[in-house]
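Here are the chains, one letter per residue:
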Amino acid sequence: DAGVTQSPTHLIKTRGQQVTLRCSPKSGHDTVSWYQQALGQGPQFIFQYYEEEERQRGNFPDRFSGHQFPNYSSELNVNALLLGDSALYLCASSLVSGGTDTQYFGPGTRLTVL
Amino acid sequence: EDQVTQSPEALRLQEGESSSLNCSYTVSGLRGLFWYRQDPGKGPEFLFTLYSAGEEKEKERLKATLTKKESFLHITAPKPEDSATYLCAVHPNDYKLSFGAGTTVTVRA
């Protein structure tokens, strides 16, 4: 059973650049959520995608945007990178009709902004 | 606004020394409370979901319980491989998970 996969594993960018992170959900899942985790903190919700639409958004600026494709995979885009965007970016997948709302996380992408 | 507070921030245990982690929460309607384990530099690994006060779930040396205001994760006779950060998250009446900052557990042999 394939779990949640994310790419790339690590990424180094400079301030002002743009970055795209990718996520493939767990087999059979249809919903993807993105979280940002700073060092020593719990994950913070960025947004959730279902049926290729952004269903809910957390307290993040418009520089953070996303997309969900027909095969349920998803991308997170961050424009005009700031030093404070350095973090572990986590993707989680779930199944809307599953009844448990359990979100399963991928290994994350470590983004470093210099 | 949803609030999740975990205590203690860090816990150092001797192998075999049982202990408990606390997660207190304030949320406008609770659909579920989740416990995850996270190893350094990796994504959170799902442990338990609790839905209603009084519910308990067990897995190996871990047992999670839930009341109307808090949850406990009990670690019985821990082993060094139980060393990790344990995260608590609440799922209110929307789609996101709101996490606490976690408790880092270190078990010495």
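Just so it is clear, the structure is predicted and the values come from calculations on it, not from any experiment.

> Whenever I open this one, the overall build of chain A confuses me. Can you help?
Along chain A, the regular secondary structure elements total 0 helices and 11 strands. Start at the N end of chain A and walk to the C end: the helices and strands fall as β-β-β-β-β-β-β-β-β-β-β. The C-alpha atoms of chain A give 13 Å as radius of gyration, which agrees with the globular expectation for 114 residues (13 Å, within 12%). Expressed as a percentage of its 114 residues, the buried residues of chain A come to 48%. The contacts of chain A with a sequence gap of at least 6 include a subset with a gap of at least 24, amounting to 54%.

> Would you mind showing me how to read the sheet that holds strand β1 (residues 5–7) of chain A here?
As a general point, the strands of a sheet are linked pairwise by backbone hydrogen bonds and lie either parallel or antiparallel. All names here are of chain A. An order of β1-β3-β8-β7 is seen for the 4 strands of this open sheet, with the pairing classed as antiparallel. The two strands at the open ends of the sheet, each matched to only one other strand, are β1 and β7 (64–68). With strand direction ignored, the average angle separating the axes of adjacent strands in the sheet is 20°. As judged from the 5 bridges shared by β7 and strand β8 (residues 74–78), these two strands associate in the antiparallel manner. Note that in β8 the partner of Ser65 across the bridge is Asn77.

> Explain the interface of chain A and chain B to me, please; I cannot follow it from the model alone.
It is common to give the size of an interface as the accessible area lost on bringing the parts into contact. The partner chain B presents 20 residues to the 21 residues of chain A that form the contact. Sorting the residues of chain A by area buried against chain B places Gln56(A), Asp101(A) and Phe105(A) first, and these three jointly supply 29% of that buried surface. There are 0 salt bridges connecting chain A and chain B. Our enumeration of links across chain A and chain B arrives at 10 residue pairs in polar contact (both at pLDDT 80 or more). Elements represented by at least two residues in the side of chain A that touches chain B include exactly β4 (31–37), β5 (44–50), β6 (53–57), β9 (87–94) and β10 (104–105) of chain A.

> Any chance you could explain the nonpolar core here in plain terms?
For soluble globular proteins, the rule of thumb is that nonpolar side chains tend to be buried together. Counting 22 residues, the largest nonpolar core has Leu21(B), Leu33(B), Trp35(B), Leu73(B), Tyr86(B) and Val105(B) as the members making the most contacts within it. Only β2 (10–14), β3 (19–26), β4 (30–38), β5 (45–50), β7 (62–66), β8 (70–75), β9 (84–92) and β11 (103–108) of chain B provide two or more residues apiece to this core. No other element matches β9(B), which puts 4 residues into this core. Those residues in contact with Leu73(B) that sit more than four places away from it in its chain are Ser19(B), Ser20(B), Leu21(B), Trp35(B), Phe48(B), Leu62(B), Lys63(B), Ala64(B) and Tyr86(B). In this structure, Leu21(A), Cys23(A), Ala87(A) and Leu111(A) belong to the second largest nonpolar core, which totals 20 residues.

> Can you help me understand the environment of Asp2(B) in this one?
All names here are of chain B. Turning to its location among the elements, Asp2 is positioned in the segment before β1 (3–7). The spacing of Asp2 and Val90 is 88 residues in sequence and 8.3 Å in space, taken between C-alpha atoms. Apart from the residues within four sequence positions on either side, Asp2 is in contact with Thr26, Val27, Ser28, Pro92, Lys96 and Ser98. A polar side-chain atom of Asp2 sits 3.5 Å from a polar atom in the side chain of Lys96.

> For this particular structure, what's the right way to read the sheet that holds β7(B)?
All names here are of chain B. If you trace the 5 strands from one edge of the open sheet to the other, you get β1-β3-β8-β7-β6, paired in antiparallel fashion. This sheet does not close on itself; its edge strands, each paired only once, are β1 and β6 (56–59). Pairs of neighbouring strands in the sheet enclose a mean axial angle of 15°, with direction left out of account. Sheet topology places β1 next to β3; 5 bridges connect them, and they run antiparallel. Directly across from Gln3, in β3, lies its bridge partner Thr26.

> Just to check I follow, could you spell out the state of the cysteines for this structure?
Each disulfide is one covalent bond, formed between the sulfur atoms of two cysteines. All names here are of chain A. Across all of its chains, the model carries 2 disulfides over all chains by this definition. Each sulfur in the disulfide pair Cys23 and Cys91 lies 1.8 Å from the other. Taking the sign of the S-S torsion, about -55° here, the bridge from Cys23 to Cys91 comes out left-handed. One end of the pair, Cys23, is in strand β3 (residues 19–24); the other, Cys91, is in strand β9, and 68 residues separate them in sequence. Comparing Cys23 with Cys91, the two get one shared label, buried.

Definitions and limits used
Within any chain, residue numbers begin from 1 and follow the written order of that chain's sequence. To label them, take the chains in the order written and letter them from A, then take the ligands in the order written and number them from 1. For this predicted model, a pLDDT threshold of at least 70 governs which residues receive local features, and a threshold of 80 or more governs which side-chain atom pairs are given and counted, while totals over whole chains, interfaces and linings are taken from all residues. For the side-chain quantities, the full set of heavy atoms in the structure was used; hydrogens and water were omitted. Segments assigned H or I by DSSP are reported as helices when at least four residues long, segments assigned E as strands when at least two residues long, and all are numbered from the N terminus. Only C-alpha atoms enter the radius of gyration; for comparison, a globular chain is expected to reach 2.2 Å times N to the power 0.38, where N is the number of residues. Think of it in three bands: with a 1.4 Å probe and only protein chains considered, a residue is buried below 20% of the maximum accessible area for its type, exposed above 50%, and partly exposed in between. Note on contacts: a residue pair qualifies if any of its non-hydrogen atoms lie within 4.5 Å across the two residues. Two strands qualify as a pair provided that DSSP identifies no fewer than 2 bridges between them. In this analysis, axes come from line fits to C-alpha atoms, helices being fitted only over the stretch in contact, and the angle between any two N-to-C directions falls in the range 0 to 180 degrees. Buried surface area refers to the total accessible area, computed with a probe of radius 1.4 Å, that the two partners give up upon joining, counted for both partners together. Note on definitions: salt bridges are taken to be side-chain nitrogens of Lys or Arg within 4 Å of carboxyl oxygens of Asp or Glu. Whenever a nitrogen or oxygen atom comes within 3.5 Å of another N or O atom, the pair is scored as a polar contact, on the condition that within protein one atom can donate a hydrogen and the other can accept it, and that pairs from neighbouring residues in sequence are kept only if both atoms are in side chains. Working definition of a nonpolar core: buried Ala, Val, Leu, Ile, Met, Phe, Trp, Tyr and Cys residues. They are joined through side-chain atoms within 4.5 Å. Note on terminology: disulfide denotes any pair of cysteine sulfur atoms within 2.5 Å.

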